[in-house]
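Breakdown of the fold
Below, each chain spelled out in residue letters.
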Amino acid sequence: MLDELLRRMSNHTPASLETDRRFPEAAVLLPITRSEEPELVLTLRAKGLSTHGGEVAFPGGRRDPEDPDLVFTALREAEEEIGLPPGLVEVVGPLSPLVSLHGLKVTPFVGLIPDYVEYRANDAEIAAVFSVPLAFFRQDPRDHTHRIDYQGRSWYVPSYRYGDYKIWGLSAIMIVELVNLLFDAGISLHQPPERFIKY
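Residues numbered from 1 in each chain as written. Predicted model: local features only at pLDDT ≥ 70, side-chain atom pairs only at ≥ 80, totals over all residues. Heavy atoms only, no water.

Right, let's get into the sheet that holds strand 9 (residues 144-150). Spatially, the 3 strands line up as an open sheet ordered 9-10-11, and their pairing is antiparallel. What marks the edges here is a single partner per strand, and that holds for strand 9 and strand 11 (165-167). Strand-to-strand, the axes of this sheet are offset by a mean angle of 25°, without reference to chain direction. Of the strands in this sheet, strand 10 (153-162) and strand 11 are in contact with helix 3 (residues 169-183), which crosses strand 10 at around 95°. (Pairing = 2+ DSSP bridges. Helix = DSSP H or I, 4+ residues; strand = E, 2+ residues; numbered from the N terminus. Axes fitted to C-alpha atoms, helices over the stretch in contact; angles between N-to-C directions. Contact = heavy atoms within 4.5 Å.)

Here it is, written out as structure tokens:
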């Protein structure tokens, strides 16, 4: 599966995002374990944080002025948040950038990591580090759907429930792009699913 991911990522052209240049930039890492059943590593953010507290997210954050590029930002933040050494990450490539509710232009990077890493969560930022089998998302096992209207179009964003964790928002959009790329899952973000529940 990972060889196929590498092949598909090398041929993948992320969607471009025309944004005002004043948007501050951020980057996140989508770490995938090199295992027979690859898993995606996510975090539960600490409750007391000013933004996205108590939410599931990928390790990452805002680009610092001294960061040479966004890959560096994603790796630096992953090391700061979960203790993942940059040297253990093989960055495969970017997915499509997105704009967060807080006005950040976020670029996701897919990276391969060893099957077993001893994570050290930064308690000030991260309440938990957990992983989900990539195959879990393949069948689009959404709990429900959030409709988000942005720039004149509607997005139908899945919300997934894995154990005690709720995976939604930007993280879910990134996962959909990854799963569509890897498995040809055909999950649409712009058509409501048949079982769409309106909130």
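Bringing the side chain of serine 35 into the picture now. Topologically, serine 35 is positioned in the loop between strand 1 (25-33) and strand 2 (39-45). Among the residues examined, serine 35 registers a relative accessible area of 16% and is labelled buried. Setting aside residues up to four positions removed in sequence, serine 35 forms contacts with Leu2 and Asp115. (Buried < 20%, exposed > 50% of the residue type's maximum accessible area, 1.4 Å probe, protein only.)

A separate point is the layout of surface pockets. The volume enclosed by the largest pocket comes to roughly 1400 Å³. Along the walls of the largest pocket sit 49 residues, with Leu98, Val99, Ser100, Val106 and Leu170 positioned nearest its centre. Every element with two or more residues in the lining of the largest pocket is listed here: strand 1, strand 3 (56-57), strand 4 (60-62), helix 2 (70-82), strand 6 (98-99), strand 9, strand 10 and helix 3. Here the lining of the largest pocket takes 8 residues from helix 3, the largest share from any one element. Class assignment for the residues of the lining of the largest pocket results in 25 nonpolar, 15 polar and 9 charged. (1 Å grid on protein atoms, 1.4 Å probe; cavity = no way out; pocket = protein on both sides within 12 Å on 5 of 7 lines; lining within 4 Å. Points joined across faces, edges and corners; volume = space filled by probe spheres on them. Nonpolar A, V, L, I, M, F, W, Y, C, P; charged D, E, K, R; others polar.)

Here we come to the side chain of serine 100. With respect to the helices, strands and loops of the structure, serine 100 is situated in the loop between strand 6 and strand 7 (105-113). Discounting chain neighbours no more than four positions away, the residues touching serine 100 are Val106 and Leu170.

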